[in-house]
Amino acid sequence: MTMTDNTIDFFFDLSSPWTFLAFNNVQPILAETGAQVRWRPFLVGGVFNAVNPRVYEMRADPEQKAMKRSFGWLKEWARLAGLPMNFPSPHHPVKSVNAMRCACVLEADQPALFRFADAAFRAYFGEARNIDDPAELAAIADAIGLDGADLLRRAGEQPAKDALRANTDEAIARGAFGSPTIFVPDGKGGETMYFGNDQLPLVRERLKTANQG
């Protein structure tokens, strides 16, 4: 996809708690800078498999100090953002393939995708619901005015599977190594990549600089 000077690409996976934070925390930045966003569902597990397998080694060690401390920091960030964070839940680490295929079905309708992603994030991280369960995904979709049964049907078809693979491959080709990955136009026909909730101040500054020409 071609980027314009005021449109960012926000690649996300619904299983990532830091992405839940960034998904919400980027919105005031968009409002302040007048930037637009393309929500781009991808499969972060596919990214890890391709370029960042060390993540699995860290997760395999429950006593890994950095991982244990990160859960505490995560909840502090959530309090700061005013977001619920019931994590890790009994479903962690959740498989997100079904959820992300649903998201890909909605990608062409960005407002619908935003509503679904917001509801799914809150279901998983706020209510500890299993977003790998098709029944839960259908209920989440129904609750925001979508046809959950139809969404699940379309998510199981080949176009949704192909779209998720294509988005994941695109993110990898552009340099992604985790979720969220945010690509911001640099005002010179190129882009700068940012990763994670904590780099949003840099996203804000980059957008302001790009807008200034």
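Here, every reference points to the structure presented above.
Everything in this summary refers to the structure shown in the same document. The model shown is predicted, which means the values in this text are computed figures rather than measured ones. (Residues numbered from 1 in each chain as written. Predicted model: local features only at pLDDT ≥ 70, side-chain atom pairs only at ≥ 80, totals over all residues. Heavy atoms only, no water.)

## Some details on the pairing of strand S2 (residues 36-41)
Step number 1: Sheet topology places strand S1 (residues 7-12) next to S2; six bridges connect them, and they run parallel. Each residue of the ladder has a partner; that of Ile8, found in S2, is Val37.
Step number 2: With respect to chirality, the unit in which S1 leads through helix H1 (residues 17-33) into the neighbouring parallel S2 is right-handed. (Pairing = 2+ DSSP bridges. Helix = DSSP H or I, 4+ residues; strand = E, 2+ residues; numbered from the N terminus. Right-handed = clockwise from strand over helix to strand, strands pointing away.)

## A short note on the nonpolar core
Step number 1: Core analysis: the largest hydrophobic core is formed by 52 residues, its most contacted members being Phe10, Phe12, Leu14, Met85, Phe116, Phe121 and Ile131.
Step number 2: A per-element tally of this core places helix H6 (residues 110-126) first, with 10 residues.
Step number 3: The residues contacting Phe10, other than those within four sequence positions of it, are Thr19, Ala22, Phe23, Val26, Val37, Arg38, Trp39, Arg40, Pro180, Thr181 and Ile182.
Step number 4: Counting six residues, the second largest nonpolar core, distinct from the first, contains Phe42, Ala171, Ala176 and Phe183. (Core = buried A, V, L, I, M, F, W, Y, C linked by side-chain atoms within 4.5 Å. Buried < 20%, exposed > 50% of the residue type's maximum accessible area, 1.4 Å probe, protein only. Contact = heavy atoms within 4.5 Å.)

## Here we look at the pairing of strand S3 (residues 181-185)
A regular strand places its side chains so that they alternate between the two faces of the sheet.
Step number 1: Of all five residues in S3, five are buried, a share of seventy percent or more.
Step number 2: Where S1 lies against S3, three bridges are found, and the strand directions are antiparallel. Its bridge partner lying in S3, Asp9 is registered against Phe183.
Step number 3: Relative to strand S4 (residues 191-195), S3 runs antiparallel, the two being bridged by five bridges. Bridging from a neighbouring strand, Val184 pairs with Thr192 of S4.
Step number 4: Adjacent in sequence and paired antiparallel, S3 and S4 are bridged by five residues, among which Gly187 carries a positive phi angle near 80°.

## Focus on the environment of Phe177
Step number 1: Here Phe177 is to be found in the loop between helix H9 (158-173) and S3.
Step number 2: Taking the relative accessible area as the measure of exposure, Phe177 reaches 34% and is therefore partly exposed.
Step number 3: Considering only alpha carbons, one finds Phe177 and Val51, 126 residues apart in sequence, at a separation of 6.2 Å.

## Examining the packing of aromatic side chains
Step number 1: The final tally for this structure, using the stated rule, is 17 aromatic pairs.
Step number 2: Measuring from centroid to centroid gives 4.7 Å for Phe23 and Trp39, while their planes differ by 45°, and the two rings are tilted. Remark: Trp39 occurs in strand S2 and Phe23 occurs in helix H1; sequence separation between them is 16 residues.
Step number 3: Residue classification places Phe23 among the buried residues on the basis of a relative accessible area of 0%. (Phe/Tyr/Trp six-rings, centres within 6.5 Å; stacked < 30°, edge-to-face > 60°.)

## Comments concerning a nonpolar patch on the surface
Step number 1: A cluster of nonpolar side chains, Trp73, Trp77 and Leu80, forms an exposed patch at the surface whose accessible area comes to about 350 Å².
Step number 2: The topology assignment puts Leu80 in helix H4 (residues 65-81). (Patch = residues over 30% accessible without salt bridge, like charges linked within 9 Å, V, L, I, M, F, W, Y side chains within 5 Å. Areas by Shrake-Rupley, 256 points an atom, 1.4 Å probe, with all protein chains shown as cover. Salt bridge = Lys/Arg side-chain N within 4 Å of Asp/Glu carboxyl O.)

## Re the pattern of salt bridges
Step number 1: Evaluated as defined, the whole model comprises 15 salt bridges.
Step number 2: Several salt bridges share partner residues, and in doing so they unite Asp9, Arg38, Arg40, Glu107, Glu170, Arg174 and Glu191 into one network.

## Quick word on the side chain of Thr19
Step number 1: For Thr19, the position within the fold is in helix H1.
Step number 2: Classification of Thr19 by relative accessible area gives buried; the value is 0%.
Step number 3: Polar contacts involving the side chain of Thr19 include one to the side chain of Ser179, which spans 2.7 Å.
Step number 4: Non-local contacts of Thr19, meaning those with residues more than four positions away in its chain, are made with Phe10, Phe12, Asp13, Phe121, Ser179 and Pro180. (Polar contact = N/O pair within 3.5 Å; in protein donor to acceptor, adjacent residues only side chain to side chain.)

## Observations regarding the sheet that holds S1
Step number 1: Read across the sheet, four strands follow the order S2-S1-S3-S4 without closing on themselves; strand pairing throughout is mixed. In the strand order of this sheet, the two ends are held by S2 and S4, each with one partner. The sheet shows a mean angle of 20° between the axes of neighbouring strands, taken without regard to direction.
Step number 2: Packing against the sheet, H6 makes contact with S1 and S2, and its axis sits at approximately 60° to S2.
Step number 3: Along the sheet face, H9 touches S1, S2 and S3 and points at about 115° away from the line of S2. (Axes fitted to C-alpha atoms, helices over the stretch in contact; angles between N-to-C directions.)

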